[in-house]
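Notes for the structure review
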Amino acid sequence: MEDFLKQVWDRAKENPKRIVFAEGSEPRVAEAIKIISKENLAIPVVFGEPSKDPRFETLVKKFMELRGAREEEARSKMRTAHYFATMLVHEGEADGMIAGPSAASRERILPALEIIKTKEKGWKASGLFFMVLPTDTNPDAANGGVLVFADCAVNTDPSVETLTQIASDSAASAKQFGLEQKIALLSFSTGENSQTPQAQKLHAVAKLVKQQNPSLSIEGPMQVDAALIDAVGQFKDPSSPLAGHANILIFPDLEAGNIAYKLVERLAGAKAIGPILQGLQKPVNELSRGASVEDIVHLTAFTTVQAQMKY
């Protein structure tokens, strides 16, 4: 666990980037910023009341141009911290952003979708967690000690096309942080035999991902024990080279993903880094309302590393 996090911290310290905090005065965030500055993990960017900021009028005009919005709408949105912070990223005043933790998820994500936008038209953003497992976790299930969970934050009931994008983006995120890319599309059944609509959906996702990126290792549907435990994987799907060795777990819907990451975090003692919002043109990540100071510090280091690759 600590080795992976130390590697991310070390990478962040090599070239700290300007990270804006939408809720810089929130007590947990303010405490985290002290640590971030001391450790040189980022260059924190904070602001007071947006309407009193000297950049306010400029950003109102920029938002009107960007969105084709009326002045009244632009002013209303720019008065909110998350819209204001997102515009700072869009305009190059910051290299990345941390949204939350006290605002509702929609308030955190919607500005990024409207302003930063996804990397391609029609692409869906998704929320990923790096689940950094305790050192005493069963090594047969830990698969290197760091698992990737997605989507845990954005898409309620993803289509075949959206799950394909989530799997592809999750593989890219894992690679970005030096992890292998072995993807299991999770379900209640394993292998080719299941003919349920849910299983057929995941068959289609696996096929599409392989067509788009033949080098990726991906299989599904697969039960989570078959994905993580070698002996179980060999028993349930003996022809699969991936069974038992997956480290990227793609959940069939938001309910499953969100429940799973919180269970592993709270009961297994994993550190949940995220949600990291994938599929956007610039780094914007959000904090769970239950985030600790330590969570905020770690997520900032990850955001800096992402920003390093953009600028």
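Residues numbered from 1 in each chain as written. Predicted model: local features only at pLDDT ≥ 70, side-chain atom pairs only at ≥ 80, totals over all residues. Heavy atoms only, no water.

**Focus: the overall build of the protein chain**
A tally of regular secondary structure across the protein chain gives 13 helices and 10 strands. Across its three principal directions, the C-alpha atoms of the protein chain cover 65 × 40 × 30 Å. Put simply, the protein chain has 311 residues, and 55% of those count as buried. A fraction of 73% describes how many contacts in the protein chain between residues 6 or more apart in sequence connect residues 24 or more apart. Element-wise, carbon and sulfur atoms account for 51% of the exposed surface of the protein chain, whose accessible area totals about 13800 Å². One finds the centroid of the 35 positive side-chain charges in the protein chain at a distance of 6 Å from the centroid of its 39 negative side-chain charges. (Helix = DSSP H or I, 4+ residues; strand = E, 2+ residues; numbered from the N terminus. Buried < 20%, exposed > 50% of the residue type's maximum accessible area, 1.4 Å probe, protein only. Contact = heavy atoms within 4.5 Å. Areas by Shrake-Rupley, 256 points an atom, 1.4 Å probe, with all protein chains shown as cover. Lys, Arg positive; Asp, Glu negative; His and termini not counted. Charge placed at Lys NZ, Arg CZ, Asp CG, Glu CD.)

**Let's talk about helix H3 (residues 56-67)**
Working note: α-helix, 3.6 residues per turn, so residues spaced by three or four point in the same direction. Given a rise of 1.5 Å per residue, 12 residues ought to cover 16 Å, and the 16 Å separating the end C-alpha atoms of H3 matches this to within 8%. Three or more residues of H3 are buried, namely Phe 56, Leu 59, Val 60 and Phe 63. Taken end-on, H3 shows its buried residues confined to a sector of 105 degrees, consistent with a single buried face. Turned more than 90 degrees away from the buried face of H3 sit Lys 61 and Glu 65, all of them exposed. Here the buried face of H3 lies against helix H4 (71-78), helix H5 (81-90) and helix H6 (105-116). Positive phi shows up at Gly 68, right after H3, with a value of about 65 degrees. (Expected span 1.5 Å × (residues − 1). Arc of directions from axis to C-beta.)

**Focus: the side chain of Asp 295**
Its place among the elements puts Asp 295 in helix H13 (residues 293-310). Notably, Asp 295 is buried but unbridged: the nearest opposite-charge side chain belongs to Arg 266, and the N-O separation is 6.1 Å. Apart from residues no more than four positions distant in its own chain, Asp 295 is found in contact with Glu 265, Ala 272 and Gly 290. (Salt bridge = Lys/Arg side-chain N within 4 Å of Asp/Glu carboxyl O.)

**A short note on the pattern of salt bridges**
The full count for this structure, using the stated rule, is 20 salt bridges. A salt bridge links Glu 26 to Arg 28; its shortest N-O distance comes to 2.9 Å. Owing to a relative accessible area of 14%, Glu 26 belongs among the buried residues under this scheme. By relative accessible area, Arg 28 is classed as partly exposed at 22%. Salt bridges sharing common partners tie together Asp 53, Arg 55 and Glu 93.

**As for the environment of Gly 100**
Turning to its location among the elements, Gly 100 is positioned in the loop between strand E3 (96-99) and H6. Remark: the alpha-carbon pair of Gly 100 and Gln 278, spanning 178 residues in sequence, is separated by 17 Å. In this structure, Gly 100 is in contact with Glu 23, Val 29, His 82, Arg 108 and Leu 287, ignoring residues within four places of it in sequence.

**Digging into the pairing of strand E4 (residues 126-132)**
Most of E4 is tucked away, with seven of its seven residues classed as buried. Across the two faces of E4 the burial is the same, with Ser 126, Leu 128, Phe 130 and Val 132 and Gly 127, Phe 129 and Met 131 all buried. Bridge count for E4 against strand E9 (residues 271-278) is six bridges, and the pairing is antiparallel. From the neighbouring strand, Phe 130 faces E9, where its bridge partner is Ile 273. Across five bridges, E4 lies against strand E5 (residues 146-150) in antiparallel orientation. By the bridge assignment, Phe 129 is partnered in E5 with Phe 149. (Pairing = 2+ DSSP bridges.)

**A look at helix H12 (residues 254-268)**
End to end, H12 covers 20 Å across 15 residues, agreeing with the expected 21 Å (1.5 Å per residue, within 8%). When H12 is considered as a whole, its buried residues turn out to be Leu 254, Gly 257, Ala 260, Tyr 261 and Glu 265. Angular distribution of buried residues about the axis of H12 spans 145 degrees; they occupy a single face of the element. For H12, the exposed residues lying more than 90 degrees away from the buried face are Glu 255, Arg 266 and Leu 267. Summarising the contacts, the buried residues of H12 are in contact with E4, E5, E9 and H13. Capping of H12 at its N-terminal end is provided by Asp 253; its side-chain oxygen lies 3.3 Å from the backbone amide nitrogen of Glu 255. Positive phi appears at Gly 269, one or two residues downstream of H12, with a value of about 80 degrees. (Polar contact = N/O pair within 3.5 Å; in protein donor to acceptor, adjacent residues only side chain to side chain.)

**Describing the packing of helix H8 (residues 160-176) against helix H9 (residues 197-212)**
The N-to-C vectors of H8 and H9 enclose an angle of 50 degrees; their axes lie 9 Å apart at closest approach. The orientation of H8 relative to H9 falls into the category oblique. In terms of crossing hand, the pair formed by H8 and H9 is right-handed. For the pair H8 and H9, contact is made by Val 160, Leu 163, Thr 164, Ala 167 and Ser 168 and by Lys 201, Leu 202, Ala 204, Val 205, Leu 208, Val 209 and Gln 212, respectively. Looking at side-chain class alone, the contact of H8 with H9 contains eight nonpolar, three polar and one charged residues. (Axes fitted to C-alpha atoms, helices over the stretch in contact; angles between N-to-C directions. Parallel < 35°, antiparallel > 145°, perpendicular 65-115°, else oblique. Left-handed = near helix turned anticlockwise from the far one by under 90°. Nonpolar A, V, L, I, M, F, W, Y, C, P; charged D, E, K, R; others polar.)

Such coordinate-based values are descriptive only and should not be taken to indicate function.
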